[in-house]
Every structure is written in C-alpha cells, then in structure tokens.
Number of protein chains: 2
Amino acid sequence: MVVFAGQGDVQRTMALLWRTAGPGDPRTAPGPKPALSVDMIVDAAIAVADAEGMSSLSMRAVGERLGRTAMALYTYVPSKGELVDLMYDRALAELPRGYDGEAGWRAALTRWAGDGWAFYLRHPWVLQVSQARPVLGPNEYVMMETLLGVLRGTGLGAPVVRRLVGTLIYFVRGTVQPVAEARQAATATGVPDQEWWDGRSAQIAQVAPDFAERFPMVVWLGTEGASPLGDEADEPCPDDDRPYMEAEAEKTFQAGLTVLLDGIEAAMRRAGL
Amino acid sequence: MVVFAGQGDVQRTMALLWRTAGPGDPRTAPGPKPALSVDMIVDAAIAVADAEGMSSLSMRAVGERLGRTAMALYTYVPSKGELVDLMYDRALAELPRGYDGEAGWRAALTRWAGDGWAFYLRHPWVLQVSQARPVLGPNEYVMMETLLGVLRGTGLGAPVVRRLVGTLIYFVRGTVQPVAEARQAATATGVPDQEWWDGRSAQIAQVAPDFAERFPMVVWLGTEGASPLGDEADEPCPDDDRPYMEAEAEKTFQAGLTVLLDGIEAAMRRAGL
DNA sequence: CTGATATCCTTATGCTGTAAAGAGATAGCT
DNA sequence: AGCTATCTCTTTACAGCATAAGGATATCAG
C-alpha cells in the first residue's frame, strides 16, 4: 500500500519541511529540554527504512532506535504521514545539485539519470512514498531546479520542457522500481531472487504446457539474441555478482534513455534548434 | 507501502493463477458445497479496491461484501498476498488484446498507450501491486504479447524491442500514477484536490518568501504558460470538469509519448529500417 | 516556592492479517 | 441407516499497527 502524505495541519507540516519551525524563542519555555529533535527522528526513520524497508517502518521501530517509545515521537512530528514526508525531502537532499553542461546536454542528462538510478537504489523506500500530491519540500524544488538547469541546455521553450520533466523523472523511477523492490523483497523475505524465479518458471512450464503456442512473441523475445543494430550482443555477465535481473534492467535503462534523448533531439530539430 | 506478492506455496499460487486448480474430481468429496469461489472473491476484492482504494482492501472488507467473515476466504485463497496477485491478473484481462497495424505502428502504439492510461485510471490500485517480481499470471503474458504485436510493426530486432517494452510500460505507469493516486487520495481523505493544493501553495509563499530567487527556473517554468506550481492556469481549460492537474498530466503523457515515438523512429533509422 | 508548560511514559482503542479450534453439513463406506 | 472422514465457515485469540488520553516528571518565569 502506498503511504499517503499526512493530512494534518498544513501549516505545521510546511514549517517542518522548510525548517521555519523552532527558533522563534529557543529556550525560554518551561519543561524539560528535548532530548530528541526532528532531525534525529528523521535520520532514525531513514535508517530503518534503508535497512528493513518501508513495510518495517513503524513508529515503534523508530522510537526504539532512539531509545524512546513510539509515543515520544509525537511530540516532534504530528503523525507518521508527516514523518514520511520529512524523510522524503531529507533524502532528496543527497542528490547532486548541478551538472556541468560543457560536454553537452546529452552527457549531462545521462549523468543526471544515472545519479537518480543510484539514488533510488540507495533508498528504495522513496519509490513507495505516494506521488499523489507533491510533498512540496525545499529539496523537491532543488531537484527540479537541477533538472531544469540541465534541460536549459537544449534551448527548448518552457511548455516543451514542462512536459519533458515529468517524462524523464517517471522514466527513471519506473525503470529502477523493479530492481529496487526486488532487492527489498529479497532481503525482506529472505528468498534469493534467483531461487524465487526458478521456482516460478518451473511451475509455468507445468501449468501451461502450451506456452510457446499461446505466447509466441514472448518466446521470440526471449530466444532471439542477435540485433540488426549491431549493438553489443547479450553476454551472460560472468564476473557480475548482481542478480541477472538487475543487469538486464540496467540495459533497459540505458537503451530507454537513448530513445528518450533521441526523441528530445527530434523535438529540438522540430523547433529549429 | 507496496503490497508484496504472496510467498506461500508457489505451486498452489500458480495453479490458481492459471486456473488448473479444481477440476480433478469435482464433486466426490464430502463436506458442504462451497458457497463462494475464487472468482467471486477476486471480483469482490477488485470491487472494494476500485471503490475505496488499496488501503481499504482488507480481508474483512472483502468477506463482508460477500456476506462472510474474513476467515471464510482462507478456504479459497492462501493469503492476502495471493489474493492481490489474482486481482492483478484478473484486472489485466480487461485490456485490449490486439491493435490494427494498418494505420502504422505509431498510431497503434499511441492507442495502446491510451488504453493503458485509461485502464490504470479505472483501477488505480493496480499501480500499487508490487512490481518487484512479476506475478507471472496468464494475462500478464497476454499483455506482453499484445505490446509485442504492436512493436513488431517497427521491424526492430528482439534485443532492441526487449528494452523498449520496459520503457513503454514504465512510461505509461509513471505518467498515470500521480493522477491515479491523486484521485484515490481525494476520495479517501475527502479533501478535494484543488483545496489541498491551494492550502499548500499559500503556505509556500509564507514559508519561503525568497522562493523566486532560490528557484528561478521553476518560476520560469511556471510563468511561461500554465504552471504546476503556484499561479492559476494561463492556458484555457474550458468545459473541463476534471482537476486541472489531470489535464496537465495528460498533456505530459501525450508529449512524452511523442518524444518516445520519435526516439523509436531514430532507432529504426539507425537500424536502416 | 508556585504554577505553567514541556517531554515522555503507560494505558487503551480500534484497526490489521491470520493461527487455532470447533460447529455443522455432506459425501462414501460399512 | 449409521459412522466417519472431510469440507466450509464461524468464533475466538494474538501480535502488531497508529494514535488518543491521561499521568508522571522535569524545567522554566514569576
């Protein structure tokens, strides 16, 4: 299930996201000094999510990591939903903030996409934060600004760029998602990827003996190796520890990106650039 | 949180998916006749998910819709995870199974993408079924076969097509996702999209008065034409009831698809087709 | 010192998936 | 016909979840 953004007090959420919260009068209030902070909680929550996946992210788990009960967190954060928002925005801060355009926009965009790929693999849970409504934290805008800086190199106008932005982001997200979730599932369930796959495909042969007749093109896709393009033949990737699936997904990513870049070039040509 | 596929007895799951389950000896066993069936349960579950979203899909809710308790379902389905797998595969059966290639592959692919878009909007919860490991039900292969039938029209070889498949599917999924989840969130929380958005963007102005200096390109993106951020739409969106966001996302979808199609054409040209 | 306010804990409520055990129906077998 | 194995479905129970409510305790301004 997707975690929806918190819908509590909008004002407080935004203040937390943009860090305009505390420092009105820092230490004049009575009561014990806070032993925790929003930052500590967000960090602990990210650590939990990184290590054990979003499905293991509970208020108890976060509290435990800080030596507190679950309820102690509610002093700092209105609800779990808001905490997830904060985690999301904090994680985005890791992304590079600018790309050198000297080698051309194609190279820059390729590096941007690669960094995104690596980022989502580092924090797979980010893909599970609902995109229904933007979190609207500062780092989301920073990320947007970074991408726009790269796209400016194409010389395309705002209306075109506006559409490209979504396409590019969703492309990266979409192509990493299977890889990220497969990793999560493998660690969460303890079943290695290869094993799971073997079991299933053995079952398919048994349960659908007429597979080749029912799905001829799927079989064709799997068997035919040589490309009329003359691009590199598919090797079994011998000295590669990662699951086969990941290597394959990465090729999909690279090839898909090429298609996108070519498409952008076509748009530029059409715009007379 | 993403719902992971059930990891119970692989054999039984596959049998359920491919419907090779029951009819060994249909009516020789003692005991009361089953009042339910896997199909009825899957239908009821889909109805719940369609109406109230994946987060409201509980075994109790499904059972209630059938006049049974939650536990009654476990006679037919091993776990909630398996049920979700079955829902997913059943839903996919709705998709068209072939596209006329007479008007060219571009037209066919455009129609394919449009049907996918509509499908995901009809069943937003499908986007929340984990893609970590393929469900491997029959209709997933049918869908693949359909797409491959369209892509065959390009004349490209298997290795290239193999990569295009993922790119296209993720593109469609990625671009509908915000729209689908926004609809879900709006109905689930009862907060209309416009209202939520207004509250947040008003807060941004207050919390980041220096927004224009910090994010000049975001502002540029928003001022030249309609904006996903802040200001009202400059572009006319007459007699359209849907939230502004949806219309905008649809444009992103169309424009992104054009970029993809242009990119595919470039790949064909490079292959000498 | 007093009263107000802060952090943090304990307890409790209503969800969730599902394990365990039992009630009642129905078939084949004797 | 009666017995018994087997099936469906219910009840009850349990652990885990987010979080509401209330209480204990520490710290400030006066």
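Residues numbered from 1 in each chain as written. Chains lettered and ligands numbered in written order. Predicted model: local features only at pLDDT ≥ 70, side-chain atom pairs only at ≥ 80, totals over all residues. Heavy atoms only, no water.

- Identification of chain A as TetR/AcrR family transcriptional regulator from Sphaerisporangium corydalis is taken from an unreviewed UniProt entry.

## Observations concerning the overall build of chain A
Step number 1: The number of helices and strands found in chain A is 11 helices and zero strands.
Step number 2: Moving toward the C terminus, one meets the helices and strands of chain A in the order α-α-α-α-α-α-α-α-α-α-α.
Step number 3: A sequence separation of at least 24 residues applies to 75% of the contacts in chain A between residues at least 6 apart.
Step number 4: On chain A, roughly 12500 Å² of surface is accessible, and the fraction owed to carbon and sulfur atoms is 56%. (Helix = DSSP H or I, 4+ residues; strand = E, 2+ residues; numbered from the N terminus. Contact = heavy atoms within 4.5 Å. Areas by Shrake-Rupley, 256 points an atom, 1.4 Å probe, with all protein chains shown as cover.)

## Focus: the relation of the copies chain A and chain B
Step number 1: You can overlay chain A on chain B at an RMSD of 0.1 Å; the transform is a turn of 180 degrees with a shift of 0.0 Å along its axis. The relationship between the two copies is best expressed as a two-fold rotation axis.
Step number 2: Interface overlap between copies is the fraction of interface residues in one copy that are interface residues in the other; for chain A against chain B it reaches 97%, indicating a shared surface. (Least-squares fit on C-alpha atoms with pLDDT ≥ 70 in both.)

## Topic: the protein's contact with DNA strand C
Step number 1: Neighbouring DNA strand C are 25 residues; T69 and Y76 of chain A together with G31, R60 and Y74 of chain B lie closest to it.
Step number 2: A share of 64% of the atoms of DNA strand C within 4 Å of the protein falls on sugar and phosphate groups.
Step number 3: Tallied by class, residues from the surface near DNA strand C come to 14 nonpolar, seven polar and four charged. (Near = heavy atom within 4 Å. Nonpolar A, V, L, I, M, F, W, Y, C, P; charged D, E, K, R; others polar.)

## Details of the interface of chain A and chain B
Step number 1: Across the boundary between the two partners, chain A contributes 93 residues, which contact 94 residues of chain B.
Step number 2: Where chain A touches chain B, the interface holds two salt bridges.
Step number 3: R270 of chain B is the partner of D262 of chain A in a salt bridge, and the nearest nitrogen-oxygen pair spans 2.6 Å.
Step number 4: Across the contact surface, chain A and chain B share 10 residue pairs in polar contact (both at pLDDT 80 or more).
Step number 5: Looking at the side of chain A that touches chain B, the elements with two or more residues in it are α1 (10-17), α6 (138-152), α7 (158-189), α8 (193-207), α9 (211-214), α10 (216-223) and α11 (244-270) of chain A. (Salt bridge = Lys/Arg side-chain N within 4 Å of Asp/Glu carboxyl O. Polar contact = N/O pair within 3.5 Å; in protein donor to acceptor, adjacent residues only side chain to side chain.)

## As for the packing of helix α4 (residues 80-92) of chain A against α6 of chain A
Residue and element names in this part refer to chain A.
Step number 1: One can describe the packing of α4 onto α6 by two numbers: an axis separation of 7 Å at closest approach and a directional angle of 35 degrees. Crossing angle aside, the handedness with which α4 passes α6 is left-handed. Listed contacts from α6 to Y88, D89, R90 and L92 of α4 are P138, N139, E140 and M143.
Step number 2: Taken together, the residues of the contact of α4 with α6 break down into four nonpolar, one polar and three charged. (Axes fitted to C-alpha atoms, helices over the stretch in contact; angles between N-to-C directions. Left-handed = near helix turned anticlockwise from the far one by under 90°.)

## Points about helix α6 (residues 138-152) of chain B
An α-helix turns once every 3.6 residues. As a result, residues three or four positions apart point the same way.
Residues and elements named next belong to chain B.
Step number 1: A rise of 1.5 Å per residue sets the reference length of α6, with its 15 residues, at 21 Å; its end C-alpha atoms lie 21 Å apart and thus fit the reference within 8%.
Step number 2: Most of α6 is tucked away, with 12 of its 15 residues classed as buried.
Step number 3: P138, N139, E140, Y141, V142, M143, E145, T146, L147, L148, V150 and L151 are the residues of α6 that are buried. (Expected span 1.5 Å × (residues − 1). Buried < 20%, exposed > 50% of the residue type's maximum accessible area, 1.4 Å probe, protein only.)

## Comments concerning the pattern of salt bridges
Residues and elements named next belong to chain A.
Step number 1: Summed over all chains, the structure comprises 16 salt bridges over all chains.
Step number 2: Across the pair R122 and E94 runs a salt bridge, and its minimum N-O distance is 3.0 Å. Of this pair, R122 sits in helix α5 (residues 105-122) while E94 sits in the loop between α4 and α5; the two residues are 28 residues apart in sequence, bridging distant segments of the chain.
Step number 3: For E94, a relative accessible area of 41% puts it in the partly exposed group.
Step number 4: When salt bridges that share partners are traced, they join R19, D39, D43 and R90 into one network.

## Here we look at the environment of T75 of chain B
All names here are of chain B.
Step number 1: As for its placement among the helices and strands, T75 is situated in the loop between α3 (59-65) and α4 (80-92).
Step number 2: Classification of T75 by relative accessible area gives exposed; the value is 60%.
Step number 3: Taking the C-alpha atoms as reference points, T75 and P34, separated by 41 residues in sequence, lie 9.3 Å from one another.

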